[in-house]
Amino acid sequence: MRQITNHMPTAELQALDAAHHMHPFTQNDGLAQKGARIITRAEGVTLTDSEGRQIIDGMAGLWCVNIGYGRKELVDAAARQMTELPFYNTFFQTSHVPAIALAARIAELAPGDLNHFFFAGSGSEANDTNIRMVRHYWALKGKPEKSVIISRKNAYHGSSMGSGSLGGMSAMHAQGGLPIPDIVHIGQPHWYLEGGDMTPEEFGLMRARELEAKIEELGADRVAAFIGEPIQGAGGVIVPPSTYWPEIQRICDKYGILLIADEVITGFGRTGNWFGSQTMGIRPHIMTVAKGLSSGYAPIGGSIVCDEVAATIAQDEFNHGYTYSGHPVCAAVALENLRIIEEEGIIEHVRDVAHPYLAEKWHALNDHPLVGETKLVGLMGSLALTPEKGSRKPFAAEAGTAGYITRERCFANDVVMRHVYDRMVIAPPLVITPAQIDVFIERVTKALDESYAQIKAEGLLKAG
Ligand code: PMP
């Protein structure tokens, strides 16, 4: 067998990658021409690529490496568990200690009566579980016609048929026959882009009341649940106006529909609490989790379910599950990750140290000629790129042009920021220190300066 290692020249690795690896969410022909950036190692908040460049990871991988890279304790937990019991299923009236311990731990951490855990391997799988669970719940209650799930445009809930349908990404719905039946979408609480002349608070209420209008239109006897990310992540770190979630909660309560909070990004410390629902004041019946549950060291996710829904589902055989539901190695890694988050006070670090320190510098970027607004909750943030300060107008160029240029300037300056159209988003590892934040902001500022110059030089600094 041919040995392919870190020590091979970058160009050879890129050629092999282009020849055999189909990348997700990528135009692979374009990437093959350019060559993928190859990451070889990581430590703390810093990635190393195959050229030896040291890059600050402002995205914690893909919003997941909450405790940072290189934690040996998680390696040891995985090795111990693989030695003792690498796999056993949880289907056939069997269980094992890592699954028992993790489900019990999650029940302790989750608010209210969210005391039950259905394991999955990812956020997408967990949201597929949720679709089947809430529909089956209502069927068991004698209301099988309550099957519609209401979600939002520009939401992201995963990439499988079910979770991709829950999501509101039009580019995804355009491929492969999504959405599946009985999933409908209302508007998102994205004031900067869609708020017009309203105040953020008026707009937040207006968007929340679209839920009420949709329930009235369909009839409450048809609606099973509403799903939302406490703060939209992949849609561009859209922080809803303060009026939004209280009104959504009121409407869900009034019509007796289940509320699902998709906490895949916002869970496990990202917003300065264990869960984003606590930060945003929501009382969900089900929370979707993944990513930060294991800090991305092992693939694991699931649905945290309240007493009443779990008790109802328990009355029947739930014909659902995944081979890796409760995978013992992933569960052991997640448990160790949760121990570290708690014992090292990582959530307190976010709340009391990293957030306030970053917030001051992040919001100061508002003075930059290319920046239209900045947002930061805990350690998830975004900034709007603007062609015309003060106006909230989009660029005349195709959406995403300025964002792509800025992302490229970030790479060139050894810092990862992602772009969602013309909005830049960040979600650094939660352990980032003030000294690292200084370097991060220095590189981000340089990247913004360079992209401003390039956007201007290319004649793209025009509002549409
Ligand atoms: N829900 C949300 C809110 C997410 O951000 C994501 C992933 N970005 C998912 C679900 C899907 O998770 P996964 O990629 O693990 O399937």
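Fair warning: this is a prediction, and the values are worked out from it, not measured in the lab. (Residues numbered from 1 in each chain as written. Predicted model: local features only at pLDDT ≥ 70, side-chain atom pairs only at ≥ 80, totals over all residues. Heavy atoms only, no water.)

Attention now moves to the overall build of the chain. In terms of helices and strands, the chain carries 17 helices and 15 strands. Oriented by its inertia axes, the alpha-carbon framework of the chain measures out at about 65 × 60 × 45 Å. For the chain, long-range pairs separated by at least 24 residues make up 71% of all intrachain contacts whose partners lie at least 6 apart in sequence. When the accessible surface of the chain is split by element, carbon and sulfur atoms take 54% of a total near 19800 Å². Charged side chains in the chain number 40 positive and 53 negative. The centres of these two groups are separated by 3 Å. (Helix = DSSP H or I, 4+ residues; strand = E, 2+ residues; numbered from the N terminus. Contact = heavy atoms within 4.5 Å. Areas by Shrake-Rupley, 256 points an atom, 1.4 Å probe, with all protein chains shown as cover. Lys, Arg positive; Asp, Glu negative; His and termini not counted. Charge placed at Lys NZ, Arg CZ, Asp CG, Glu CD.)

Close to the ligand lie Ser122, Gly123, Ser124, Asn127, Tyr156, His157, Gly158, Glu229, Asp262, Val264, Ile265 and Lys291. Take Tyr156: an N or O atom from its main chain is 3.5 Å from a nitrogen atom of the ligand. Protein burial of the ligand: of its 390 Å² of free accessible surface, 84% is covered by the chains. Counting residues per element, the shell around the ligand draws most heavily on helix H6 (residues 123–140), at three residues. Split by residue class, the shell around the ligand holds three nonpolar, six polar and three charged. (Near = heavy atom within 4 Å. Polar contact = N/O pair within 3.5 Å; in protein donor to acceptor, adjacent residues only side chain to side chain. Nonpolar A, V, L, I, M, F, W, Y, C, P; charged D, E, K, R; others polar.)

Orientation of helix H5 (residues 97–109) relative to helix H14 (residues 328–343), taken along the N-to-C sense of each, is 35°, at an axis distance of 8 Å. The handedness of the crossing between H5 and H14 comes out as left-handed. Here H5 contributes Pro98, Ala99, Ala101, Leu102, Arg105, Ile106 and Leu109 to the contact with H14, which in turn contributes Pro328, Ala331, Ala332, Ala334, Leu335, Leu338 and Glu342. Along the lines of polarity and charge, the residues of the contact of H5 with H14 split into 12 nonpolar, no polar and two charged. (Axes fitted to C-alpha atoms, helices over the stretch in contact; angles between N-to-C directions. Left-handed = near helix turned anticlockwise from the far one by under 90°.)

It is the contact of helix H16 (residues 401–412) with helix H17 (residues 434–457), at a shortest axis distance of 8 Å, that shows an interaxial angle of 135°. Taken together, the axes of H16 and H17 are oblique relative to one another. Remark: the crossing between H16 and H17 carries right-handed chirality. Contacts between H16 and H17 involve Ala402, Ile405, Thr406, Arg409 and Cys410 from the former and Ala447, Leu448, Glu450, Ser451, Gln454 and Ile455 from the latter. Tallied by class, residues from the contact of H16 with H17 come to six nonpolar, three polar and two charged. (Parallel < 35°, antiparallel > 145°, perpendicular 65-115°, else oblique.)

Time to look at the pairing of strand E8 (residues 258–262). On any regular strand, side chains alternate: one points to one face of the sheet, the next to the other face. For E8, the buried fraction is high: five of the five residues fall into the buried class. Across the two faces of E8 the burial is the same, with Leu258, Ile260 and Asp262 and Leu259 and Ala261 all buried. Two strands pair when backbone bridges link them, and strand E7 (residues 223–228) and E8 are joined in this way by four bridges, in the parallel orientation. By the bridge assignment for E8, Ala225 is matched with Leu258. When E8 meets strand E9 (residues 286–289), the two strands line up parallel, connected through three bridges. The residue of E9 that forms the bridge with Ile260 is Ile286. (Buried < 20%, exposed > 50% of the residue type's maximum accessible area, 1.4 Å probe, protein only. Pairing = 2+ DSSP bridges.)

Moving on, we get to H6. For H6, built from 18 residues, the straight-helix expectation of 26 Å at 1.5 Å per residue is met to within 8% by its first-to-last C-alpha distance of 25 Å. Inspection of H6 places Gly123, Ser124, Ala126, Asn127, Thr129, Asn130, Ile131, Met133, Val134, Tyr137 and Trp138 among the buried residues, and these make up the whole buried set. Two to three positions downstream of the cap, the backbone nitrogen of Ser124 sits 3.5 Å from a side-chain oxygen, assigning the N-cap of H6 to Ser122. (Expected span 1.5 Å × (residues − 1).)

By the element assignment, Cys64 lies in the loop between helix H3 (60–63) and helix H4 (72–84). C-alpha of Cys64 to C-alpha of Leu166: the two residues are 102 residues apart in sequence and 21 Å apart in space.

One finds Leu102, Phe275, Leu293, Ile304, Leu338, Leu358 and Trp362 to be the most contacted residues of the largest nonpolar core, which totals 84 residues. Summarising the domain contributions, this core has at least three residues from each of domain 1 (37–67 + 345–457) and domain 2 (73–343). Formed by 36 residues, the second largest nonpolar core is a distinct cluster that contains Val65, Ile186, Ile257 and Leu259. (Core = buried A, V, L, I, M, F, W, Y, C linked by side-chain atoms within 4.5 Å. Domains from an automatic or database assignment.)

Another point: the packing of aromatic side chains. Counting across every chain of the model gives 10 aromatic pairs. Judged by centre distance (5.3 Å) and plane angle (65°), the ring pair of Phe268 and Phe275 falls under edge-to-face. Given the relative accessible area of 0%, Phe275 is considered buried. Feature note: the residues Phe226, Tyr244 and Trp245 constitute an aromatic cluster, connected by ring pairs. Sitting over the ring of Trp138, Lys146 keeps its end group 4.5 Å from the ring centre. (Phe/Tyr/Trp six-rings, centres within 6.5 Å; stacked < 30°, edge-to-face > 60°. Lys NZ or Arg CZ within 6 Å of the ring centre and 35° of its normal.)

Right, let's get into the pattern of salt bridges. By the definition in use, this model includes 26 salt bridges. Residues Arg207 and Glu194 are paired through a salt bridge, measuring 2.5 Å at the closest nitrogen-oxygen approach. Of this pair, Arg207 sits in helix H10 (residues 200–218) while Glu194 sits in helix H9 (residues 191–194), placing them 13 residues apart in sequence. Here Arg207 falls in the buried class, since its relative accessible area comes to 12%. You can call Glu194 partly exposed: its relative accessible area is 33%. Measuring nitrogen to oxygen at the nearest pair gives 2.7 Å for the salt bridge that ties Glu343 to Arg339. Note that Glu343 and Arg339 are positioned in helix H14 at a spacing of four residues, about one turn of the helix. Overlapping salt bridges bring together Arg209, Glu212, Glu247, Arg250 and Lys254 as one network. (Salt bridge = Lys/Arg side-chain N within 4 Å of Asp/Glu carboxyl O.)

Right, let's get into the pairing of strand E10 (residues 301–306). In terms of burial, E10 is largely enclosed, as six of its six residues are buried. Of the two faces of E10, both are covered, the one formed by Gly301, Ser303 and Val305 as well as the one formed by Gly302, Ile304 and Cys306. The sheet contact formed by E9 and E10 spans four bridges and is antiparallel. Looking across to E10, one finds that Val289 is bridged to Gly302.

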